[in-house]
Amino acid sequence: MITCNGGKMTTAIDIRGVTKTYNPGSNRPVKALDNVSLAINDNEFFTLLGPSGCGKTTLLRLIAGFEQVSGGEIMLFDDEIENLEPNQRPVNTVFQHYALFPHMTVAANVAFGLERLKKPRSEIEATVERVLTLVKMKHLGDRRPNQLSGGQQQRVALARALAPSPKVLLLDEPLSALDLKLRQAMREELKQLQKETGITFVFVTHDQEEALAMSDRIAVMSDGEVQQIGGPTDIYEHPVNRFVADFIGDTNFLDCEIVSIRDDLVTCRIGRENLFEVENTGGHTVGDQVTLFLRPEKISLSALDTKNGPDTRPGKVANIVYLGNQTAYTVDMGDGIELVAQARPREDGKLPFAFGEQVAVGFSTRALRMLAQ
Amino acid sequence: MSDQEHALSAPNKGKKVLPVGHYRGLGAWTVFFFVFLYLPIVVLVFYSFNANRTVMSWGGFGIEWYLKAFENDGIQKAVWNTLIVATVSTIFSTAIATIGALVLARGGNFRGKTISLGLITLPLMVPEIVTAVAVLIFFSAIGMNWGLGNVIIAHITFCIPFAFMPIRARLEGMDTSYEQAARDLYASEWETFRFVTAPLLMPGIVAGAMLAFVISMDDFIITLMVGGAGSTTLPVYIYSMIRRGLTPEINAVCTVLLFVSVAIVTAYWVVSKKSQTDTVH
Amino acid sequence: MNAWLPKSVAGRRWLGLAPSYFVIGIFMLAPMVIMAVFSFLEPNPYGGVKPEGSMAAYVKLFFEYDLEDKLVFNPGYINIIFRSFQLSLGATLACLAFGFPVAYYITLQPENKRNFYIFLITIPFWTNLLIRTFAWIIILGRGGVIETPLLAAGIIEDSLRMMYTDGAIAIGLTYSYLPLMVLPIYASLEKLDFRLLEAASDLYASRLEVMTRVVIPLCKPGIIAGSILVFIPCLGAFIAPNLLGGGKKLMLGSLVQFQFASARNWPFGAALSMLLLAVVVVVLIFYARAAKKQAAIAGGS
């Protein structure tokens with residue numbers, strides 16, 4: 001499939017100012033989506049990420065047509081679709097719990113959409129075989145859904161949604177019902193499948209790891225609003241606000257006051273003498289209260305001795321959480337500051353630092369970032 | 001894009017799209033359904049307050065037919081018979097159903113469980129007229145003629161499954177962990193039943209008894225066939241009144257019987273709703 | 001511990017079940033066996049039977065003796081049986097057509113409303129069938145609720161003569177057993193996963209196809225159960241044919257009652273009951289097989 005249109009990305013789905021209110025007119029209306037606008041490019045693996053209740057599933061259901069918008073427009077390529085019935089929209093959905101028809105065989109499930117589209121029998125058979133092969137389920141075409149494992153049902157759901165060659169494939173937390181190992185394997189496969197088919201995937205999840213691993217772009221949502229849209233590294237490294245920084249990965253937040261601003265550096269202070277220097281992103285004045293954030297993996301811990309460089313500060317190990325491949329140390333820096341840092345285990349498997357031990361905490365100025373709000 | 005183009009690309013614009021699975025006219029159909037279901041009852045109650053002698057022409061509001069019905073000796077006798085039969089058969093059928101349900105719901109799996117279940121629910125599956133015929137033939141074959149006793153025995157038999165079902169449903173909805181907790185806290189088997197199972201089961205037993213009572217009170221065909229001259233119950237009496245010709249008195253009696261049934265079923269509903277809320281977490 | 005209880009678990013089980021077995025065994029099962037025996041005996045003209053074996057009751061279903069005492073085919077009873085099946089089937093289909101959309105509508109409602117609707121449906125069911133059928137006389141009868149306003153408005157000039165017709169019986173039967181159709185259908189619709197409807201719609205099924213391809217196939221057990229629950233009592237119905245059919249348009253149930261109350265031909269009544277019972281057994285076997293098949297589909301999911 002061609003993704004470029006005169007050197008410019010084609011927009012597959014354009015959400016324009018979409019609002020969704022449940023129970024409008026009642027005494028307790030619930031605003032699930034508030035004036036959401038976003039554009040999803042063709043041939044893109046796009047993820048809607050957010051905690052439960054953030055509106056991501058609602059947005060997906062609006063695109064699929066299971067719910068009707070309260071305001072705004074949804075464009076699919078150049079067609080306005082928000083007033084079409086689900087069966088009139090050339091998009092297909094992989095449901096969270098698969099929603100396979102229990103009274104039909106695997107093959108009949110996959111053929112269902114093609115039959116509704118009145119495709120000729122020969123074409124239906126060929127397509128069913130092709131997509132079942134694609135998801136490695138060809139040998140189980142005669143089974144009923146209840147005779148399949150969760151992972152197998154997942155594949156059938158995928159095949160069923162892919163069979164009619166939708167313009168966009170919508171996936172509603174499709175991996176959430178699978179166990180960890182299978183989930184990780186399916187991530188790879190889904191990503192692969194998206195590349196092979198060239199179909200735009202819109203993937204809904206609350207699992208940030210899943211989103212980072214699979215997506216071309218991610219929209220982080222909260223309270224019915226889009227907080228940030230960007231590629232995985234953008235979102236992780238340059239979150240626009242505290243919510244995004246907190247939701248994606250583990251983070252240390254430092255609430256502090258700006259004490260001086262130079263050309264490219266801002267100096268912030270917590271308590272009496274804990275000073276932090278951070279890149280100047282502009283728009284701040286001395287005396288502003290700002291929040292800095294620092295990812296735990298960007299902090300290095302070392303034994304406190306004379307070899308410590310000038311950019312390290314002393315701290316005391318206040319808590320240890322052993323996680324196997326790494327250990328999370330909470331370090332008390334004084335002035336009420338506690339930083340969480342990650343340290344790899346030593347080769348002999350022993351923990352590098354003990355509870356109460358004094359350690360040197362090091363991180364570079366570039367690792368520290370200031371949040372917009 | 002201009003508005004016209006919008007209209008072209010969105011054919012359903014302006015029309016409210018129903019959610020998936022919703023269909024136009026279902027609500028109206030349901031209203032019609034309930035009118036059909038309740039119209040006869042409303043009509044009956046309405047005409048029971050007719051002051052006119054003929055059943056169907058309205059002659060103003062009056063309660064004289066109720067008064068007349070209460071003075072009718074035949075009706076009085078029939079009411080007594082109905083109450084005796086319903087009360088006695090409710091007590092026996094509920095007791096029998098309760099222990100049966102305890103075994104089938106708490107006795108684990110055993111050989112003959114399915115058969116036992118089938119036997120207890122047998123009276124539900126056999127057409128009433130067949131039950132009536134069979135019981136009539138049986139009493140005649142063994143030469144048993146206890147008048148009202150015959151009717152009561154027949155009623156106990158077909159009331160058992162009606163009492164059984166809510167009790168069993170209640171037991172199956174009841175977590176065995178309550179009983180296990182009691183045993184764990186040093187209660188003997190009897191104490192467990194007395195202080196845990198029985199109180200929790202009570203709403204089910206009450207519900208079962210109510211259903212049995214209503215079923216017995218409303219039964220017509222079996223009583224008609226099995227009952228002799230002296231054991232006329234209210235439904236049988238009403239039937240003979242209808243055969244003799246329509247009078248507003250019938251409406252009055254029917255209305256009273258109707259309200260007793262509705263009151264009991266409403267009470268049953270309240271009891272079973274309450275029992276749902278205090279065990280379902 | 002209660003000393004009177006048997007020590008073994010099995011012993012206690014059977015002790016608990018004994019009263020049920022005793023009552024239903026003696027007063028239900030045994031009578032049915034005796035009824036089967038009676039159907040093979042000679043009738044006593046004063047009621048009861050003579051202890052002589054005979055197939056007369058079953059022969060009577062098809063044949064009668066003409067003036068020269070020769071057996072000739074008599075379609076009279078067969079017609080009644082056929083009519084009973086026809087009317088029962090008609091009433092069952094009417095209940096289905098009338099009740100299914102209602103059961104479906106109730107499923108779409110929020111839970112507290114659903115329970116209330118179900119309550120409203122069960123109420124008439126628990127009230128006296130005789131009374132409810134009698135009410136239809138007031139509605140359908142000459143000068144009744146339907147005719148009076150039509151006559152007054154001059155829309156009709158003469159009575160519609162709705163009473164004592166097959167139509168009246170069919171309405172009565174439909175009305176009598178309608179809740180028995182709605183409740184099992186509702187029970188199976190309630191278990192329906194509505195995401196399946198969305199999935200079908202997502203896969204280009206029209207509203208009609210969502211209904212015919214997903215909803216109806218998946219609530220087939222409820223439809224079958226409801227149909228059986230309506231069909232069986234219709235077949236043995238006595239009240240509706242007697243009150244609304246005027247006792248002239250007989251059905252199986254009223255024919256049976258007639259043999260005991262008036263005709264005094266007990267073996268023939270017993271034989272007719274056996275026929276009814278046979279139909280029930282066939283229908284239940286059909287149901288058990290259908291349920292087993294359905295369980296194989298639904299199981300595990």
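Residues numbered from 1 in each chain as written. Chains lettered and ligands numbered in written order. Predicted model: local features only at pLDDT ≥ 70, side-chain atom pairs only at ≥ 80, totals over all residues. Heavy atoms only, no water.

Caption draft 1: Main features of the interface of chain C and chain B. Across the contact, 82 residues belong to chain C and 88 residues belong to chain B. On the surface where chain C and chain B come into contact, there are one salt bridge. The partner of Arg12(C) in a salt bridge is Glu189(B), and the shortest N-O contact between them spans 2.3 Å. Linking chain C to chain B there are 13 residue pairs in polar contact (both at pLDDT 80 or more). Tallied by class, residues from the side of chain C that touches chain B come to 60 nonpolar, 16 polar and six charged. (Contact = heavy atoms within 4.5 Å. Salt bridge = Lys/Arg side-chain N within 4 Å of Asp/Glu carboxyl O. Polar contact = N/O pair within 3.5 Å; in protein donor to acceptor, adjacent residues only side chain to side chain. Nonpolar A, V, L, I, M, F, W, Y, C, P; charged D, E, K, R; others polar.)

Caption draft 2: Representation of the sheet that holds strand β13 (residues 252-261) of chain A within the structure. Residues and elements named next belong to chain A. Spatially, five strands are ordered β15-β14-β13-β16-β22 in an open sheet, and the strand pairing comes out antiparallel. The open sheet is flanked by β15 (274-279) and β22 (369-370), the only strands paired with a single partner. Note: β13 against strand β16 (residues 289-294), six bridges, orientation antiparallel. Note on β16: the bridge partner recorded for glutamate 257 is glutamine 289. (Pairing = 2+ DSSP bridges. Helix = DSSP H or I, 4+ residues; strand = E, 2+ residues; numbered from the N terminus.)

Caption draft 3: Highlighting empty space enclosed by the protein. Under the criterion given, the structure shown has one cavity of 30 Å³ or more. By volume, the largest cavity is sized at about 50 Å³. As for the largest cavity, its lining consists of Glu85(A), Pro86(A), Asn87(A), Val20(B), Gly21(B), Ser201(C), Ala205(C), Ser206(C), Arg207(C) and Val210(C). (1 Å grid on protein atoms, 1.4 Å probe; cavity = no way out; pocket = protein on both sides within 12 Å on 5 of 7 lines; lining within 4 Å. Points joined across faces, edges and corners; volume = space filled by probe spheres on them.)

Caption draft 4: Molecular detail of unusual backbone geometry. For Ala99(A), which is not glycine, the phi dihedral falls at a positive 50°. Its place among the elements puts Ala99(A) in the loop between β8 (91-94) and α2 (106-116). Despite not being glycine, Asp69(C) has its phi angle at roughly 65°, a positive value. One can find Asp69(C) in the loop between β3 (63-65) and β4 (71-73).

Caption draft 5: Spatial organisation of the packing of aromatic side chains. According to the stated counting rule, one finds 42 aromatic pairs over all chains in the structure shown. The structure contains a cluster of three or more aromatic residues connected by ring pairs, namely Trp29(B), Phe32(B), Phe33(B), Phe34(B), Phe36(B), Phe98(C), Tyr105(C), Tyr117(C), Trp136(C) and Tyr175(C). Above the plane of the ring of Phe112(A) lies Arg116(A), whose end atom (NZ or CZ) is 4.7 Å from the centre. Above the face of the Phe101(A) ring, Arg160(A) is positioned so that its terminal group lies 4.7 Å from the ring centre. (Phe/Tyr/Trp six-rings, centres within 6.5 Å; stacked < 30°, edge-to-face > 60°. Lys NZ or Arg CZ within 6 Å of the ring centre and 35° of its normal.)

Caption draft 6: Broad picture of the side chain of Asp219(B). Here Asp219(B) is to be found in the loop between α10 (189-218) and α11 (221-226). No salt bridge forms around the buried Asp219(B); measuring N to O, its nearest opposite-charge neighbour Arg132(C) is 12 Å away. Setting aside residues no more than four positions away along its own chain, Asp219(B) makes contact with Glu128(B), His155(B), Phe158(B), Thr233(B) and Pro235(B). (Buried < 20%, exposed > 50% of the residue type's maximum accessible area, 1.4 Å probe, protein only. Lys, Arg positive; Asp, Glu negative; His and termini not counted.)

Caption draft 7: Local environment of the side chain of Gln154(A). Structurally, Gln154(A) is set in helix α4 (residues 150-162). The contact partners of Gln154(A), leaving out residues within four places of it in the chain, are Val94(A), Tyr98(A), Pro174(A), Leu175(A), Leu178(A) and Met186(A).

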